[in-house]
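Structure at a glance
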Amino acid sequence: MTYQPPVRDFAFLLRDVLKLEQYGNLPTFADASMDTIEAILDEAAKFTSEVLAPLNSVGDKEGCTWNADFSVKTPTGFKEAYKALVEGGWPALGSDPAYGGQGLPHVVNLAFSEMSSAANMAFAMYPGLTHGAYSAIHFGGSQEQKDLYLPKLASFQWGGTMNLTEPHCGTDLGMLRTKAVPAGDGTYRITGQKIWISGGEQDLTENIVHLVLARIEGAPQGTRGISLFIVPKFIPDADGNPGERNAVKCLGLEEKMGIHGNATCVISHEEATGWLIGEENRGLAIMFVMMNEARIGVGMQGLAQAEAAYQAARDFAKDRLQGRSLTGPKNPDGPADPIIVHPDVRRMLMDSRAIIEGGRAFLFWTALHGDLAHGSPDEAVRQKGDDYMALMTPVVKAFLTDKGFEVCSNAMQIHGGSGFTEHFPVSQYLRDVRIALIYEGTNGVQALDLVGRKLAANGGRAVMSFFAELDAYVEAHDSPEMKPFTAPLAKAKGELQEATMWLMQNGLANPDNAGAASSDYLHLFGLTALAYMWCLMAEAANAKIAAGETDPIYAQKLTVGRYYMERVLPETTSHLAKLKTGAELVMALPAEAF
């Protein structure tokens, strides 16, 4: 059985937990009734499971092909699937109606993105990056640039990429060497080589819009001197259609561990024609719009691959006969019991489900704050939305991908030796998800961003607001049915606050203390955030049961939530203990001793 989108879980989150219909007075939510959303989710499930999922293994085995004319052929079936994607109107869900979009909340679009990525991660990266390019131009482009590029990007008629990394610099973008020389006609000549450009060349779209970071001659060194440019594969003609071929070439493809169906390109700009976006030397600020959206998207990828791997492991565990239950045969007429009867298999499945369902709630809750930051008429709500998006983005990216890889690894373990072969899908899920821990800023860099920038921003306003929200929730939900959820949340929140105070006291005295503590702190934060999500889900489930609802999802939520609180959340205590040891032993050995 291939991946089946968890539409019922999406609906539970959007209707019962986040209560999207309460925001119907806001422009982006006006057309987003739950009936409409559920109809969209149902159709999206059909498209992703019937069109994209069957191509996942094809893309993995066949990969992309680079040709001597610098073109790239995507795997068999990708072009037809991409055409169906565009014709189905799926690209327009979350885009601005002014440029052909449907203007739905980002959180709804994120549900479609999760389905797409779980069904076929390599394929879904092509439209995912295009939407990122759309967002950057929408944020920082001139009106002329928006009018020219956004309708084509919103419809996915044209593709989009982000050109950041160079052979000698990845995370440290201040070292980049790609240069931009004014041509005297308002354009620039862009020269340099970029690597690891996802979707940098493909045969799915009629044009590709590269967003390229480069340094204008005479600009300051470091990140203060970086500008951002639109460098299209084909220069638009007077009618806005692809015209003359630009001096942009794909020199080759990377041989990768996974995501074989996505073309990861070496791109050469040879005095290519580019147009400046925004102001000179302010390119990184605009690119971060795309990068932050991409980081939320990468967290989603970790969750999506985890969901697909969990489904495969669950189905295998129900079918695979090995051994007998410790409490007596459960399949007495067969030669053995299905392995799902064994507590250790159940442990891995329950760990996975608790992380996936809590992680999805955290992802959607964060995205909703992003929607409110853009659409609420209340300044306080907008500020909180901005604060939470900034604070939570590194946690979403790093925590959900670390845990997503762990879920995929457990799924392989449940399959036993079969999982280590290519006859079953879990090996692909494990290989594909591994990049999510690395690209768009490694998870270690996300942890440093969290403790070094996000906690201190605006005097700690965001994290203090989050702590206050947790305290208020615990105080307001002290009922017997909620105590099993709020009491563990209160304990975890106390540990997270203690860790935060430790960082404030010890990180300034020795920055290495903050660096050594950062990954444990991020995981402590992620575990606590998911505990809050499980409280919200338990509250919604209890309300439905009290109202007489008999859908089994509600009782299951309470069981899985209790499991999370009692079996997963206690990890916070070990993370706190480890981070408080500081940097001394981490940095004790001299470099030559390694």
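Values in this document were obtained by computation on a predicted structure and should not be read as measured data.

Each value, and the rule that gives it
Residues numbered from 1 in each chain as written. Predicted model: local features only at pLDDT ≥ 70, side-chain atom pairs only at ≥ 80, totals over all residues. Heavy atoms only, no water. Helix = DSSP H or I, 4+ residues; strand = E, 2+ residues; numbered from the N terminus. Rg over C-alpha atoms; globule rule 2.2 N^0.38 Å. Buried < 20%, exposed > 50% of the residue type's maximum accessible area, 1.4 Å probe, protein only. Contact = heavy atoms within 4.5 Å. Areas by Shrake-Rupley, 256 points an atom, 1.4 Å probe, with all protein chains shown as cover. Lys, Arg positive; Asp, Glu negative; His and termini not counted. Charge placed at Lys NZ, Arg CZ, Asp CG, Glu CD. Phe/Tyr/Trp six-rings, centres within 6.5 Å; stacked < 30°, edge-to-face > 60°. Lys NZ or Arg CZ within 6 Å of the ring centre and 35° of its normal. Expected span 1.5 Å × (residues − 1). Arc of directions from axis to C-beta. Axes fitted to C-alpha atoms, helices over the stretch in contact; angles between N-to-C directions. Parallel < 35°, antiparallel > 145°, perpendicular 65-115°, else oblique. Left-handed = near helix turned anticlockwise from the far one by under 90°. Nonpolar A, V, L, I, M, F, W, Y, C, P; charged D, E, K, R; others polar. Core = buried A, V, L, I, M, F, W, Y, C linked by side-chain atoms within 4.5 Å. Patch = residues over 30% accessible without salt bridge, like charges linked within 9 Å, V, L, I, M, F, W, Y side chains within 5 Å. Salt bridge = Lys/Arg side-chain N within 4 Å of Asp/Glu carboxyl O. Pairing = 2+ DSSP bridges. Polar contact = N/O pair within 3.5 Å; in protein donor to acceptor, adjacent residues only side chain to side chain. Disulfide = S-S within 2.5 Å.

A word on the overall build of the protein chain
Assigned secondary structure in the protein chain consists of 17 helices and 11 strands. Against the compact-globule benchmark of 25 Å for 594 residues, the protein chain has a radius of gyration of 24 Å, which places it among compact chains. Here the C-alpha coordinates of the protein chain stretch approximately 80 × 60 × 60 Å along the principal axes. A total of 594 residues make up the protein chain; the buried ones form 57% of that total. Long-range pairs, those at least 24 residues apart, make up 73% of the contacts in the protein chain between residues at least 6 apart in sequence. For the protein chain, the accessible area works out to roughly 24,100 Å², and carbon and sulfur atoms hold 54% of it. The centroid of the 49 positive side-chain charges in the protein chain is displaced by 4 Å from the centroid of its 70 negative side-chain charges.

What to know about the packing of aromatic side chains
With the rule as written, the count across this model stands at 20 aromatic pairs. When the centroid spacing of 6.2 Å and the interplanar angle of 65 degrees are considered together, the rings of Y521 and F525 count as edge-to-face. Residue Y521 and its partner F525 are located together in helix α15 (residues 511-546), separated by 4 residues, close to a single helical turn. Both residues of the pair, Y521 and F525, count as buried. The ring of F234 carries the charged tip of R245 above its face, separated from the ring centre by 5.5 Å. Across the ring face of F405, the terminal group of R434 is positioned such that the distance to the ring centre comes to 5.3 Å.

Here we look at helix α13 (residues 461-476)
Over its 16 residues, α13 extends 22 Å from the first C-alpha to the last, a length consistent with the 22 Å expected when each residue adds 1.5 Å. By the burial criterion, the buried members of α13 are A462, V463, F466, F467, E469, L470, Y473 and V474. Angular distribution of buried residues about the axis of α13 spans 160 degrees; they occupy a single face of the element. Exposed side of α13, more than 90 degrees from the buried face: E475 and A476 are the residues found there. Residues of α13 that are buried in the fold lie against α9 (343-375), α10 (379-415), α14 (483-506) and α15.

Some details on the packing of helix α8 (residues 283-319) against α9
To describe two helices that pack against each other, one gives the angle between their axes and the distance between the axes. Contact pair α8 / α9: the axes reach a minimum separation of 10 Å and the direction vectors enclose 150 degrees. One finds that α8 runs roughly antiparallel with respect to α9. Considering only the axes of α8 and α9, their crossing is left-handed. Seen from α8, the contacting residues are I296, M300, L303, A306, E307, Y310, A313, R314 and A317; seen from α9, they are V345, L349, S352, R353, I356, G359, R360, L363 and T366. In terms of residue class, the contact of α8 with α9 is built from 11 nonpolar, 3 polar and 4 charged.

Some remarks on the nonpolar core
F364, W365, Y521, F525 and Y564 are the most contacted members of the largest nonpolar core, which has 154 residues in total. Broken down by element, this core gets its largest block of residues, 19 residues, from α15.

A short note on a nonpolar patch on the surface
A surface patch of nonpolar side chains, about 240 Å² in accessible area, is lined by M464, M501 and M504. Among the secondary structure elements, M504 is positioned in helix α14.

Re the pattern of salt bridges
By the definition in use, this model includes 33 salt bridges. In this structure, R353 and E357 form a salt bridge, with 2.6 Å as the shortest nitrogen-oxygen distance. Here the residue R353 and the residue E357 both occupy positions in helix α9, the gap between them amounting to 4 residues, near one helical turn. Classification of R353 by relative accessible area gives partly exposed; the value is 22%. By relative accessible area, which is 9% here, E357 ends up buried.

Points about the pairing of strand β9 (residues 242-245)
The pairing of strand β8 (residues 234-236) with β9 spans 2 bridges and is classified as antiparallel. In the sheet register, F234 faces β9, and the bridge partner there is R245. Hairpin connection, β8 to β9: the antiparallel pair is bridged by 5 residues, and G240 has positive phi, about 80 degrees.

A word on the environment of L284
Here L284 shows up in helix α8. What L284 contacts, discounting residues up to four positions off in sequence, is L173, L213, T223 and I226.

Section: the side chain of S376
Tracing the chain through its elements places S376 in the loop between α9 and α10. Reaching out from S376, the side chain makes a polar contact with the backbone nitrogen of D378 at a distance of 3.1 Å. Setting aside anything within four residues of it in sequence, one finds S376 in contact with L26, V381 and R382.

Thoughts on the pairing of strand β7 (residues 227-232)
Along β7, 6 of the 6 residues are buried, which leaves the element largely enclosed by surrounding structure. The sheet contact formed by β7 and strand β11 (residues 264-277) spans 3 bridges and is antiparallel. From the neighbouring strand, F229 faces β11, where its bridge partner is L276.

Observations concerning unusual backbone geometry
Peptide bonds are trans in most cases, and residues, glycine excluded, mostly fall at negative phi. Even without glycine at this site, K19 takes up a positive phi of about 50 degrees. Take K19: its relative accessible area is 42%, and that puts it in the partly exposed class.

Remarks on the side chain of D387
Tracing the backbone shows D387 in helix α10. Looking at D387, its side chain comes within polar contact range of the side chain of R461, at 2.7 Å.

So, the state of the cysteines
Under the definition given, this model contains 0 disulfides. Sulfur of C250: no disulfide; nearest cysteine sulfur belongs to C265 and is 3.8 Å away.

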